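A closer look at the structure
Here are the chains, one letter per residue:
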Protein chains: 2
Amino acid sequence: MRFMEEKIRAEGKVLPGQILKVGSFLNQQIDTAFLKKVAEAMAQAFRDSGVTKILTIESSGIAIATAVGLELGVPVVFAKKHKSSNVDGAVYTAEVYSYTHNTSYTILVSSDYLKSTDTVLLVDDFLANGKALNGLTELVEQAGARLAGAAIAIEKGFQGGGDALRAKGVRVESMAVIDAMTDDAIVFRS
Amino acid sequence: MRFMEEKIRAEGKVLPGQILKVGSFLNQQIDTAFLKKVAEAMAQAFRDSGVTKILTIESSGIAIATAVGLELGVPVVFAKKHKSSNVDGAVYTAEVYSYTHNTSYTILVSSDYLKSTDTVLLVDDFLANGKALNGLTELVEQAGARLAGAAIAIEKGFQGGGDALRAKGVRVESMAVIDAMTDDAIVFRS
C-alpha cells in the first residue's frame, strides 16, 4: 500500500540493528487518522473471508487489531505474554522466541475466547522473523479454529518470516514490505 | 452509564480478592460493538474540552484509548511500563505502585509525544486505588501539558482512587462506578 510506504518514508527512523522506529504514528503514539486508513485497507483485504474473530498479541498490536475489529464488526482477542492473575481456567499457550530480547516467552489465550467455530484473522504491527505470528497460528490450531490469514502493518521482508508463512499456505497481507534497509535507504518490495 | 452496568451484570465475574473479571468484553476479548458505545460516551463527555491527545498505559487501556482517539480524531499515546529498546531520547517517567503485584514499576513516555501545548485526556479500563492514573497525571505535569480529565470504563469506587482525584480537582468520568462488591452482588453508585 502506497500510503504506508509514504508514511514510513516521512516519519520512520532507522536505528542501529535494523530497527525501524515508527513510534510517532504506529506504536507509542498512534496517528488515529492514519490508523483508520490502515484498518480500512486490512478489513477490505479480508472482508470476504468470513472472519469471526481477530487475534493479536499484547501490546503493540492491540491498537491496530482494535481498529480492524471495529471495521469488520468482530471481537478482538489479545494473547497475553505471561500468566496474569486475571486469567483463570483453560488456556492455549505457545512459546515465542524473541531475537530482540534473546529469550523465549509464553503467549496464552483463554480457551473461552477462541473456539473451533471461529475463523481467525491475525493482526500485528510488525512481521520480521515470524516467531510471534507462528505462535499465534499455534494458538489457532490448538483451538481447532480456521485461520483466515494475517494482516500486518509493516513486514521486514528481508527477515524472511512472511515468506516462510506464505510458503506454508498462510495468506499474509502486509501494508508495506521492506526488502532492504540501511541507515540511508529503505527499499520496499514492489 | 446504564449500558456499562448492564454489561457488567450480564458478563462480569467476581473473583476472590475483589477482582472483577471482564475479560469477555473489555480486556482479553474486546466486544467491538460495545467498545464503540463506550468510546462514543467518553468522547461525548470530553468533546468540548479541547482535547489534543489521549494518554493511556499499556496494555489493557490501549483498545479503549484507541477507540476514543478514533472518535475524537486525536492521536493516542501509550505510556510503556519499562524501558524498551525502541525508546530513544528524552522521556518523562513516573513510579507506579501495583497492589496486584505488590511492587513498583516505572511508566514512561517519550517527550516527543507529550508537549506543553497539549490538552490531554487520560483513558483507562479500570480505576481502583488510582496509582496508575496518578502516574499518568505526573507525566502530563512533567510535559507542562493541560489535563482535561480522565475517562474510565469501570471505577472501583470503594477503593477510593477516583474520589481522591476528584478532590484534587481532576475531572473523572467513569462509565460505571462500583461502590461495593461481593461474590453475590455488585452495588453501583447511583
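Check the entry above for the structure.
Scope of this entry: the structure provided in the associated data block. What you see is a predicted model; the values in this text were computed from it and never measured.

**Digging into the relation of the copies chain A and chain B**
After a rotation of 180 degrees and a shift along the axis of 0.0 Å, chain A superposes on chain B with an RMSD of 0.0 Å. Both chain copies can therefore be described as sitting about a two-fold axis. Comparing contact sets, 100% of the residues at the interface of chain A also lie at the interface in chain B, consistent with an isologous, same-surface contact.

**Let's talk about the interface of chain A and chain B**
How big an interface is tends to be stated in terms of accessible area lost as the parts join. Between chain A and chain B, the contact holds 37 residues from the first and 37 residues from the second. The interface formed by chain A and chain B includes 14 residue pairs in polar contact (both at pLDDT 80 or more). Sorting the residues of the side of chain A that touches chain B by element identifies β1 (13-15), β2 (19-21), β3 (29-30), α2 (32-46), α3 (62-72) and β5 (76-79) of chain A as the ones contributing at least two each. Of all the elements, α3(A) adds the most residues to the side of chain A that touches chain B, at 6 residues. When grouped by side-chain class, the residues that make up the side of chain A that touches chain B number 15 nonpolar, 14 polar and 8 charged.

**Some details on the sheet that holds strand β9 (residues 146-156) of chain B**
Judged by pairing direction, the sheet is mixed, and its 7 strands sit side by side in the order β3(A)-β5(B)-β4(B)-β8(B)-β9(B)-β10(B)-β11(B) without closing on themselves. Of all the strands in the sheet, the pair left with one neighbour each is β3 of chain A together with β11 (186-188) of chain B. One ladder, built from 8 bridges, connects strand β8 (residues 119-127) of chain B with β9(B); its direction is parallel. Bridge pairing in β9(B) places B:L127 opposite B:E155. Of the strands in this sheet, β8, β9 and β10 (172-181) of chain B touch helix α2 (residues 32-45) of chain B, which is tilted by about 120 degrees from β10(B).

**Points about the sheet that holds strand β4 (residues 53-57) of chain A**
With respect to topology, 7 strands assemble into an open sheet ordered β11(A)-β10(A)-β9(A)-β8(A)-β4(A)-β5(A)-β3(B), the strand pairing being mixed. Each edge of the sheet is formed by a strand with only one pairing partner; in this case those strands are β11 (186-188) of chain A together with β3 (29-30) of chain B.

**Considerations on the packing of aromatic side chains**
The full count for this structure, using the stated rule, is 6 aromatic pairs over all chains. An angle of 70 degrees between the planes, with centres 5.7 Å apart, marks the rings of B:F3 and B:F34 as edge-to-face. Taken together, the residues span a long stretch of sequence, with B:F3 in helix α1 (residues 2-11) and B:F34 in helix α2 at a distance of 31 residues. For the pair formed by B:F3 and B:F34, the shared burial category is buried. Of the aromatic side chains, those joined through ring pairs into one cluster are A:F3, A:F25 and A:F34. In this structure, B:K156 packs its charged tip against the face of B:F126, placed 5.8 Å from the ring centre.

**Re helix α1 (residues 2-11) of chain A**
Those residues of α1(A) that sit buried are A:F3, A:M4, A:E5, A:K7 and A:I8. Elements in contact with the buried residues of α1(A): β2, α2, β9 (146-156), β10 (172-181) and β11 of chain A.

**Section: the side chain of A:T119**
All names here are of chain A. Inspection of the secondary structure assignment puts T119 in strand β8 (residues 119-127). The buried category is assigned to T119, whose relative accessible area is 9%. Every residue in contact with T119, bar those within four places of it in the chain, is listed here: S49, G50, V51, T52, K53, R146 and A148.

**Section: the pairing of β8(B)**
Residue and element names in this part refer to chain B. Counting buried residues along β8, 8 of its 9 residues qualify, which places the element largely inside the surrounding structure. Bridge count for strand β4 (residues 53-57) against β8 is 3 bridges, and the pairing is parallel. Across the sheet, residue I54 finds its bridge partner in β8, namely L121. Note that the unit made of β8, helix α4 (residues 131-143) and β9 has a crossover that is right-handed.

**A word on the environment of B:R146**
Residues and elements named next belong to chain B. Positionally, R146 belongs in strand β9. Owing to a relative accessible area of 46%, R146 belongs among the partly exposed residues under this scheme. Expressed as a C-alpha distance, the spacing of R146 and T52, which sit 94 residues apart in the sequence, is 9.8 Å. With residues near it in sequence (within four places) discarded, R146 still touches S49, D118, T119, V120 and V140. Within polar-contact distance, the side chain of R146 engages the backbone oxygen of S49 at 3.2 Å.

**Here we look at the packing of α2(A) against α3(A)**
Residue and element names in this part refer to chain A. Their axes nearest at 8 Å, the elements α2 and α3 cross at an angle of 60 degrees. Comparing their axes, α3 and α2 come out oblique. Taken as a pair, α2 and α3 cross one another with a handedness that is right-handed. Contacts from L35, K36, V38, A39, E40, M42 and A43 in α2 reach A63, I64, A67, V68, E71 and L72 in α3. Of the residues belonging to the contact of α2 with α3, the class tally is 10 nonpolar, no polar and 3 charged.

**Re unusual backbone geometry**
Cis geometry is adopted by the peptide bond preceding A:S59, which originates at A:E58 and carries an omega value of -5 degrees. Checked against the element boundaries, A:S59 lands in the loop between β4 and α3. Phi is positive for A:Q18, close to 55 degrees, though the residue is something other than glycine. One can find A:Q18 in the loop between β1 and β2. Of note, B:Q28 is a non-glycine position whose phi angle comes to about 60 degrees, a positive value.

Calculation criteria
Per chain, residue numbering runs from 1 following the sequence as it is written. The naming scheme follows written order: chains are lettered A onward, ligands numbered 1 onward. In keeping with the model being predicted, local features are shown solely for residues with a pLDDT of at least 70 and side-chain atom pairs are shown and tallied solely at 80 or more, while totals for entire chains, interfaces and linings include all residues. For the side-chain quantities, the full set of heavy atoms in the structure was used; hydrogens and water were omitted. Superposition of the copies was done by least squares, using only C-alpha atoms of residues whose pLDDT is at least 70 in both. The criterion used for residue contact is that any of the two residues' heavy atoms lie within 4.5 Å. Pairs of N or O atoms are called polar contacts if they sit within 3.5 Å, as long as, within protein, a hydrogen donor faces a hydrogen acceptor (for residues adjacent in sequence, only side-chain-to-side-chain pairs). Only DSSP runs of H or I covering at least 4 residues are called helices, and only runs of E covering at least 2 are called strands; the numbering of each starts at the N terminus. Amino acid classes used here: Ala, Val, Leu, Ile, Met, Phe, Trp, Tyr, Cys and Pro are nonpolar; Asp, Glu, Lys and Arg are charged; the rest, including Gly, are polar. In short, DSSP must find at least two bridges between two strands for them to pair. To get an axis, a line is fitted to the C-alpha atoms, and for a helix only the part in contact is used. The angle between two axes follows their N-to-C directions and goes from 0 to 180 degrees. Aromatic rings from Phe, Tyr and Trp, taking only the six-membered ring of Trp, are treated as a pair when their centres fall within 6.5 Å; an angle between ring planes under 30 degrees marks them as stacked, one over 60 as edge-to-face, and anything in between as tilted. Summary of the burial criterion: residues with accessible area below 20% of their type's maximum are buried, those above 50% are exposed, and those between are partly exposed, where the area comes from a 1.4 Å probe applied to protein chains only. Two conditions define a charge sitting above a ring: the NZ of Lys or the CZ of Arg must be within 6 Å of the ring centre, and it must be within 35 degrees of the ring normal. Consider the strands pointing away from the viewer: the crossover is right-handed when the path from the first strand over the helix to the second runs clockwise. These descriptions rest on fixed angle ranges, namely under 35 degrees for roughly parallel, over 145 for roughly antiparallel, 65 to 115 for roughly perpendicular, and the rest for oblique. Crossing handedness is defined as follows: a turn of the near helix away from the far one that is anticlockwise and smaller than a right angle gives a left-handed crossing, while the clockwise case is right-handed.

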